[in-house]
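The primary structure of each chain is shown beneath.
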Amino acid sequence: GLCLLVLRVFIGVHVFLVSCALPDSVVRRFIVRVMCSVLGLLVRQSDPRLRGSGTRVFIANHVTPFDHNVVSLLTSCNTPALSGAPGFICWSRGFMELGVTSSRAELVDSLKEYSAQQGNPPLLLFPEEAATNGRAGLLRFSSWPFSILDEVQPVALQVRRPLVAVSVADSSWITELLWTFFVPFTVYQVRWMPSVPRQADERVEDFALRVQELLAMELGVVSTRITAADRTEHMKRLRHTARLPFAPGEGPGYRTSTWALLLGGALVPPSLPGGAPEDMRVVAMAQQVKEVLPHVPLEVIRTDLVQTNCVDTTIANLLEGRVPFFSESKEAGDLPAPSTSQAAAVSGIQGSVAAPSSKPATKQFAKSPVERHLSLQERKRALYDYARR
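Residues numbered from 1 in each chain as written. Predicted model: local features only at pLDDT ≥ 70, side-chain atom pairs only at ≥ 80, totals over all residues. Heavy atoms only, no water.

Within an unreviewed UniProt entry, the label attached to the protein reads Lipid droplet-regulating VLDL assembly factor AUP1, and the organism entered is Toxostoma redivivum.

*Asks:* What am I meant to see in unusual backbone geometry here?
*Replies:* Apart from glycine, the bulk of residues carry a negative phi angle, and the bulk of peptide bonds sit in the trans form. The phi angle at E129 is positive, at roughly 65°, despite the residue not being glycine. Take E129: it is sitting in the loop between β5 (123-125) and β6 (137-138). In this structure, D201 takes a positive phi of about 60° despite not being glycine. Along the polypeptide, D201 turns up in the loop between β9 (196-197) and α7 (204-219). By relative accessible area, which is 83% here, D201 ends up exposed. (Helix = DSSP H or I, 4+ residues; strand = E, 2+ residues; numbered from the N terminus. Buried < 20%, exposed > 50% of the residue type's maximum accessible area, 1.4 Å probe, protein only.)

*Asks:* What exactly am I supposed to notice about helix α10 (residues 280-292) here?
*Replies:* Residues spaced three or four apart along an α-helix point in a common direction, a consequence of the helix completing one turn every 3.6 residues. The terminal C-alpha atoms of α10, which comprises 13 residues, lie 19 Å apart, in line with the 18 Å expected from a rise of 1.5 Å per residue. Along α10, the residues that are buried comprise V282, M285, A286, V289, K290 and V292. Buried residues in α10, looked at end-on, bunch into an arc of 155°, giving them a common side. Exposed residues pointing more than 90 degrees away from the buried face of α10 are listed as M280 and E291. (Expected span 1.5 Å × (residues − 1). Arc of directions from axis to C-beta.)

*Asks:* Before we go on, may I ask you to explain the packing of helix α11 (residues 298-308) against helix α12 (residues 311-320) in this structure?
*Replies:* Relative orientation and spacing of two packed helices are given, respectively, by the angle between their axes and the distance between those axes. Following both chains from N to C, one finds α11 and α12 inclined at 125°, their axes separated by 9 Å at the closest point. Viewed along their axes, α11 and α12 adopt a mutual orientation that is oblique. Taken as a pair, α11 and α12 cross one another with a handedness that is right-handed. Residues V300, I301, D304, L305 and T308 of α11 form the contact with α12, whose own contacting residues are V311, T313, T314, N317 and L318. Grouping the amino acids of the contact of α11 with α12 by side-chain chemistry returns five nonpolar, four polar and one charged. (Axes fitted to C-alpha atoms, helices over the stretch in contact; angles between N-to-C directions. Parallel < 35°, antiparallel > 145°, perpendicular 65-115°, else oblique. Left-handed = near helix turned anticlockwise from the far one by under 90°. Contact = heavy atoms within 4.5 Å. Nonpolar A, V, L, I, M, F, W, Y, C, P; charged D, E, K, R; others polar.)

*Asks:* Even after reading the chapter, I still don't get the environment of T224, so can you show me in this structure?
*Replies:* Secondary-structure assignment places T224 in the loop between β10 (222-223) and α8 (228-240). Other than its neighbours up to four places away in sequence, T224 contacts G137, L138, L139, R140 and Q212.

*Asks:* Where do I start with the packing of α10 against α11 in this structure?
*Replies:* Interhelical geometry of α10 versus α11 gives an angle of 125° and a closest axis separation of 9 Å. On the basis of their axis angle, the class for α10 and α11 is oblique. In this structure, the crossing between α10 and α11 has a hand that is right-handed. On the side of α10, the interface is formed by V282, M285, A286, Q287, V289 and K290, while α11 contributes L298, I301, R302, L305 and V306. When the residues that make up the contact of α10 with α11 are grouped by side-chain class, the tally is eight nonpolar, one polar and two charged.

*Asks:* What is the right way to look at the packing of aromatic side chains in this model?
*Replies:* Aromatic ring pairs are described here by two measures, namely the spacing of the ring centres and the angle between the planes. The tally for this structure, following the rule as stated, stands at seven aromatic pairs. When the ring of F88 is compared with that of W91, the centres are 5.9 Å apart and the planes differ by 45°; the resulting orientation is tilted. With F88 and W91 both in helix α4 (residues 88-92) and three residues apart, this pair spans about one turn of that helix. The class for W91 is partly exposed, based on a relative accessible area of 46%. Between the aromatic rings of F141 and F146, the centroid separation amounts to 6.2 Å while the plane-to-plane angle is 20°, which identifies the pairing as stacked. F141 sits in the buried class, given a relative accessible area of 6%. Relative accessible area serves as the criterion here: at 0%, F146 is assigned to the buried category. A connected cluster of aromatic rings, assembled from ring pairs, spans F16, F88 and W91. (Phe/Tyr/Trp six-rings, centres within 6.5 Å; stacked < 30°, edge-to-face > 60°.)

*Asks:* When you look at the confidence of the model for the protein in this model, what are you seeing that I'm missing?
*Replies:* Low pLDDT marks regions whose predicted coordinates should not be analysed in detail. Across the protein, the average pLDDT comes to 76, with 72% of residues at 70 or higher. With pLDDT under 50 throughout, residues 265-278 is counted as low confidence; its partners more than four residues away or in other chains account for 31 contacts. For residues 330-363, every residue scores under 50 in pLDDT, and the model assigns this stretch 39 contacts once sequence neighbours within four places are set aside. (pLDDT = per-residue confidence, 0-100.)

*Asks:* It is not clear to me how helix α1 (residues 2-21) should be interpreted in this structure. Could you clarify?
*Replies:* Between its first and last C-alpha, α1 extends 29 Å over 20 residues, near the 28 Å set by a 1.5 Å rise per residue. Residues of α1 that are buried include every one of L5, R8, G12, V15 and S19, and no others. In this structure, the buried side of α1 is in contact with α2 (26-38) and α6 (173-182).

Written out as structure tokens, the structure reads:
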């Protein structure tokens, strides 16, 4: 692997120089494609007759930072740079610089003006706006790429390589490039799909959703509603969550979630009570719930907060008895409390006898769901007032 890496770095420099020296043509694409195969970058395509059938906008799923370079080996296309400062790095990676675009509206106007000129190559856009491994599902498509023209052509991309996962979460494009040189080969499968026109009176959001469903069916994955912003927020949470002291996949409590499949197959350890260090945000929320419900054990609160991620929902679960626990109060310390509603009723009765003006007593369990909801809100408000005093 290290020998391949060193050898391919030198070959990659020659590939870059050749791609810069030759003009965009069929001969250039053929030569660069053959040289890329020496780098272990194998590109395959299906249904090439559908390629470039008069369509000015290609829509593809996003798997690696080099998807636009791979598609450009098969047909002439340009991908605008949406992030990062313009300059040599942006140009060397094969992105098209549009200048300063402070908003999506200015970006769409620039791309419309670009597409209106017949001599320009088609656009290759990635509505997911973030790379995934492409094995579980597609991120929710942004609607702005579908507002440029009324007809787009979907392109399905699949990438596989041995030994190392494709598009590991939080990996940079340099890391992905080095792993591509390290492994024996990386296979890109490009499947051209028929063009999809926009229907009359169809909203841009519905058009984007329809193309997303078609691409998901072609790839055999799920069309999710998770956005690129949700992915970014999820990665921030993973960075702040301490890892369990077990090897990946060996410790108890590990689970493979949809996020793990989308972001590279990483195993996400849930917060286990009494053992592993927890997120500071969960600890802060647990203290808030503990101030309102002091008789509930802190471990029970933290365990439920990991599932709900909401203070109000956890309080409601504890008050309604959805989460069983044993009370920490001295009065009820010797008695089991299988449900929180019973413990709240007992503590309310004792509080009304010992200090009638301090803590409000809970009412009888209502039969109607509406009355139970109102009773829950009253109890929460009373508990908040009591905690403030």
